[in-house]
Amino acid sequence: MKSRGFHWALVLVGLVMGLMLAVQFRLTKDIQETPPVKQTQTLAAQVNQARKERDDLQRRVSDLRARLDEVAADPRLKALKEELNRVRITAGLVDVTGPGVEVTLNDSNQVLQPGQNPNLYVLHDEDVLKVINELKAAGAEAIAINGQRMLATSEIRCIGPTILTNRNQRLTPPFVVSAIGNPDNLVNSLLMRGGVVEQLRFWGIQVEVKKVAQLTVPAYTGGVRFEYARPLEEGGKQ
């Protein structure tokens, strides 16, 4: 009797434990299948995936930086950069700085006498153009008028009391011409006896020329487009 009671007790304990395990399993499954838990698991998986992608991208960035450092160390690239900078300076597409001169031009302040021609006492496009040409002949490496960078295609055209340049950029006096170059050469060229400044002052045109230890000539900011000019290829073919 005692042995049979013991067996029944074991069976009863087994049934109770099985029931408890079943209930625990069901509760765990229900908890996992509830929306907040599933959303948390989904977000955790997305975070892990994002971390993996981040690590992959970081490795790619490190590889690309290493390759860029190798290319940057190539002496041929350095020579190309220097040549590109020279071309951009010549084309007027970058700001440049250096010693030079500033020339300020303004109309005459003289009182006209009866019968005098007033056109002789005001600045014209040809007067400004003479100053620019003189500066170029004296070795100016970069020139601007009232902040407008002069290019090979820049026009100087008189419209009433104003000047048009760089595709109809309207400038009004006083005109400040900034030129980078050897200051002594530039000043001597402008102020030489019988030169452009002396001719302008003869008519009372106000001209001020001063050396500048360090001035900045801004880059050309307009558009650059060539409709007809094409580079000539090797062998003379277009």
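Residues numbered from 1 in each chain as written. Predicted model: local features only at pLDDT ≥ 70, side-chain atom pairs only at ≥ 80, totals over all residues. Heavy atoms only, no water.

1. Overview of the overall build of the protein
Reasoning step 1: Looking only at helices and strands, one finds six helices and eight strands in the protein.
Reasoning step 2: When its helices and strands are written in sequence order, the protein yields α-α-α-β-α-β-β-β-β-β-β-α-α-β.
Reasoning step 3: Every one of the 238 residues in the protein was classed for burial, and the buried ones make up 24%.
Reasoning step 4: The long-range fraction of contacts in the protein, counting pairs at least 24 apart against all pairs at least 6 apart in sequence, stands at 70%.
Reasoning step 5: Carbon and sulfur atoms make up 57% of the accessible area of the protein, which totals about 17500 Å². (Helix = DSSP H or I, 4+ residues; strand = E, 2+ residues; numbered from the N terminus. Buried < 20%, exposed > 50% of the residue type's maximum accessible area, 1.4 Å probe, protein only. Contact = heavy atoms within 4.5 Å. Areas by Shrake-Rupley, 256 points an atom, 1.4 Å probe, with all protein chains shown as cover.)

2. Looking at the pattern of salt bridges
Reasoning step 1: Considering all chains together, one arrives at six salt bridges under this definition.
Reasoning step 2: The salt bridge partner of R86 is E83, with a shortest N-O separation of 2.5 Å. Highlighted residues: R86 and E83, both in helix α3 (residues 75-91), separated by three residues, approximately one helical turn.
Reasoning step 3: Taking the relative accessible area as the measure of exposure, R86 reaches 47% and is therefore partly exposed.
Reasoning step 4: Between D184 and K211 there is a salt bridge, and its shortest N-O distance comes to 2.4 Å. Pair noted here: D184 is in helix α5 (residues 183-191) and K211 is in strand β8 (residues 206-217), with a separation of 27 residues, a long-range link.
Reasoning step 5: Linked through salt bridges whose partners overlap, the residues forming this network are K52, D56 and R59. (Salt bridge = Lys/Arg side-chain N within 4 Å of Asp/Glu carboxyl O.)

3. Quick notes on the packing of aromatic side chains
Reasoning step 1: For the structure on display, the rule yields one aromatic pair.
Reasoning step 2: The interplanar angle of 90 degrees and the centroid separation of 5.0 Å between the aromatic rings of F202 and W203 together place this pair among those described as edge-to-face.
Reasoning step 3: Overall, W203 belongs to the partly exposed group, its relative accessible area being 33%. (Phe/Tyr/Trp six-rings, centres within 6.5 Å; stacked < 30°, edge-to-face > 60°.)

4. Things to note about the sheet that holds strand β1 (residues 96-106)
Reasoning step 1: Spatially, five strands are ordered β3-β2-β7-β1-β8 in an open sheet, and the strand pairing comes out antiparallel. This sheet does not close on itself; its edge strands, each paired only once, are β3 (148-149) and β8.
Reasoning step 2: Two elements, β1 and strand β7 (residues 175-180), share six bridges in a ladder whose sense is antiparallel. Bridged to E102 within β7 is S178. (Pairing = 2+ DSSP bridges.)

5. Some details on the sheet that holds strand β4 (residues 157-159)
Reasoning step 1: Reading across from one edge, β4-β5-β6 is the order of the three strands in this open sheet, with antiparallel pairing throughout. The two strands at the open ends of the sheet, each matched to only one other strand, are β4 and β6 (169-171). Each adjacent strand pair in this sheet contributes to an overall mean axis angle of 35 degrees, direction not counted.
Reasoning step 2: Relative to β6, strand β5 (residues 162-165) runs antiparallel, the two sharing three bridges. The residue of β6 that forms the bridge with L164 is R170. (Axes fitted to C-alpha atoms, helices over the stretch in contact; angles between N-to-C directions.)

6. Some remarks on the environment of C158
Reasoning step 1: Relative to the assigned elements, C158 resides in strand β4.
Reasoning step 2: Put simply, C158 and R170 are twelve residues apart on the chain and 9.5 Å apart in space, counted from C-alpha to C-alpha.

7. Structural notes on a nonpolar patch on the surface
Reasoning step 1: A surface patch of nonpolar side chains, amounting to about 290 Å² of accessible area, comprises L93, V224 and F226.
Reasoning step 2: Turning to its location among the elements, V224 is positioned in the segment after β8. (Patch = residues over 30% accessible without salt bridge, like charges linked within 9 Å, V, L, I, M, F, W, Y side chains within 5 Å.)

8. Structural notes on helix α4 (residues 125-137)
Reasoning step 1: Taking 1.5 Å of rise per residue, the 13 residues of α4 would be expected to cover 18 Å, and the 18 Å separating its terminal C-alpha atoms lies within 8% of that figure.
Reasoning step 2: D127, V128, V131, I132, E134 and L135 are the residues of α4 that are buried. Projected onto a plane normal to the axis of α4, the buried residues spread over an arc of 160 degrees and lie on a single side.
Reasoning step 3: At its buried positions, α4 is contacted by β1, β2 (142-145), β5, β7, α5 and α6 (196-202). (Expected span 1.5 Å × (residues − 1). Arc of directions from axis to C-beta.)

9. Focus: the side chain of E134
Reasoning step 1: Mapped onto the elements, E134 comes out in helix α4.
Reasoning step 2: As a buried residue without a salt bridge, E134 has its nearest oppositely charged side chain in K130, at a separation of 9.7 Å.
Reasoning step 3: For E134, the contacting residues outside a window of four places in its chain are S189, L190, M192 and V196. (Lys, Arg positive; Asp, Glu negative; His and termini not counted.)

10. What about the pairing of β7?
Reasoning step 1: Of all six residues making up β7, five are buried, and the element is well covered by its neighbours.
Reasoning step 2: As paired strands, β2 and β7 are joined by four bridges and run antiparallel to one another. Along β7, the bridge assignment pairs I143 with A179.

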